[in-house]
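Per-entry structural report
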Amino acid sequence: MSSSSFTILLGGHLTLTDRLRALVDGTRVIAADSGMRHAQGLRLKPELWVGDFDSSDAALSRMWPDIERRTYPASKAATDGEIAVAEAIARGATRLIFAGALGGERSDHALQHYLNGLGLVEDGYEVMLSSGDEEAYPMTGGDRLELDLPQGALFSVLGFTALEGLTIRNARYPLTDFSLTFGSSRTISNLADGPISVTLKSGRAILLARPYDLSGV
């Protein structure tokens, strides 16, 4: 794994899977506040721990006494996750994996991770967000995504704008050069026939995949 690949540990729900461990193996790691609790289960040692530490208890601090910490005031103008991303980019990140990004008690934080991911992709970074159960891949115009999914795995394409030139291959419901109106549910709940290919000519979208969900088979 390249030294420009970073895992950002966030505080949302995380299911520990072999697929996720393989994705983050060999990456450099920065933890955002309570996201540090995922480090041990993922067999990762962060090089930096940032945040206001309002959601990290003393036991977690005792478990990781030797990790460099940077503490920010609770009234800061950015989330702990955004600070962690800025630190990763400053250290040369070109690929970012957000672990613990898609679930938890704060749906506003989860949505912000989507939006942050889209912005990063537009700036040229490769981005993936995961809860272990789900994986999210932000896409913008001109992107092509090749994703290795099991036969029958559930996935959806969520349009954050109107989409043009959407092509989905190797799925139960393929599309070719499709125009998706903003707010349409047409691309929800598709099924992979194995590895899928998705291309987009213009617009902003999130491909949300559930690699372990074969309920539609």
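Residues numbered from 1 in each chain as written. Predicted model: local features only at pLDDT ≥ 70, side-chain atom pairs only at ≥ 80, totals over all residues. Heavy atoms only, no water.

Some points on the overall build of the protein
Across its full length, the protein holds five helices and 13 strands. For a compact globule of 217 residues, the expected C-alpha radius of gyration is about 17 Å, and the protein comes in at 18 Å, within 12% of that figure. If one aligns the C-alpha atoms of the protein with their principal axes, the spans along those axes are about 50 × 35 × 35 Å. For the protein, the residues scored as buried account for 50% of the 217 residues in total. Put simply, 64% of the contacts in the protein that link residues at least 6 apart link residues at least 24 apart. As displayed, the protein has an accessible area near 10,100 Å², and 49% of this comes from carbon and sulfur atoms. (Helix = DSSP H or I, 4+ residues; strand = E, 2+ residues; numbered from the N terminus. Rg over C-alpha atoms; globule rule 2.2 N^0.38 Å. Buried < 20%, exposed > 50% of the residue type's maximum accessible area, 1.4 Å probe, protein only. Contact = heavy atoms within 4.5 Å. Areas by Shrake-Rupley, 256 points an atom, 1.4 Å probe, with all protein chains shown as cover.)

Quick look at the pattern of salt bridges
Counted by the stated rule, this structure contains 12 salt bridges. Arg 204 is paired through a salt bridge with Glu 122; the nearest N and O atoms lie 2.5 Å apart. Of this pair, Arg 204 sits in strand 13 (residues 204–210) while Glu 122 sits in helix 5 (residues 107–122), and the two are 82 residues apart along the sequence. Residue classification places Arg 204 among the partly exposed residues on the basis of a relative accessible area of 37%. Residue classification places Glu 122 among the partly exposed positions, given a relative accessible area of 41%. Measuring nitrogen to oxygen at the nearest pair gives 2.7 Å for the salt bridge that ties Arg 144 to Glu 146. Overall, the relative accessible area of 53% leaves Arg 144 in the exposed class. (Salt bridge = Lys/Arg side-chain N within 4 Å of Asp/Glu carboxyl O.)

Comments concerning the pairing of strand 5 (residues 95–99)
Counting buried residues in strand 5 gives five out of five residues, a clear majority hidden from the surface. The alternating pattern of strand 5 places Arg 95, Ile 97 and Ala 99 and Leu 96 and Phe 98 on opposite faces, both of which are buried. Strand direction decides the pairing type here: strand 1 (residues 5–9) and strand 5, joined by five bridges, are parallel. Residue pairing in the sheet places Ile 8 in a bridge with Phe 98 of strand 5. (Pairing = 2+ DSSP bridges.)

What about the packing of aromatic side chains?
As enumerated under the stated definition, the model contains one aromatic pair in all. The aromatic ring of Trp 49 is capped on one face by Arg 69, whose charged end is 4.8 Å from the ring centroid. (Phe/Tyr/Trp six-rings, centres within 6.5 Å; stacked < 30°, edge-to-face > 60°. Lys NZ or Arg CZ within 6 Å of the ring centre and 35° of its normal.)

A look at the side chain of Ser 131
Looking at the element boundaries, Ser 131 is found in the loop between strand 6 (126–130) and strand 7 (135–140). With relative accessibility at 5%, the residue Ser 131 sits in the buried group. If near-sequence neighbours (up to four positions away) are discounted, Ser 131 is found in contact with His 13, Leu 14, Thr 15 and Leu 102.

What about the layout of surface pockets?
Taken as a whole, the second largest pocket encloses approximately 310 Å³ of empty space. When residues of the lining of the second largest pocket are traced back to their parent elements, those giving at least two are strand 5, strand 6, strand 7 and strand 8 (144–147). (1 Å grid on protein atoms, 1.4 Å probe; cavity = no way out; pocket = protein on both sides within 12 Å on 5 of 7 lines; lining within 4 Å. Points joined across faces, edges and corners; volume = space filled by probe spheres on them.)

With respect to the side chain of Asp 80
Tracing the backbone shows Asp 80 in helix 4 (residues 80–90). In this structure Asp 80 comes out as buried when scored by relative accessible area, which is 13%. With residues near it in sequence (within four places) discarded, Asp 80 still touches Ala 32, Asp 33, Val 50, Gly 51 and Asp 52.

Re the environment of Arg 43
Take Arg 43: it is sitting in the loop between helix 2 (39–42) and strand 3 (48–51). On the accessibility criterion, Arg 43 (67% relative accessible area) is exposed. Along the backbone, Arg 43 and Val 24 are 19 residues apart, and their C-alpha atoms lie at a distance of 9.3 Å.

Considering the environment of Phe 178
Looking at the element boundaries, Phe 178 is found in strand 11 (residues 175–180). Placed 23 residues apart in sequence, Phe 178 and Lys 201 show a C-alpha to C-alpha distance of 9.7 Å. Those residues in contact with Phe 178 that lie beyond four places of it in its chain are Leu 163, Glu 164, Gly 165, Leu 166 and Arg 186.

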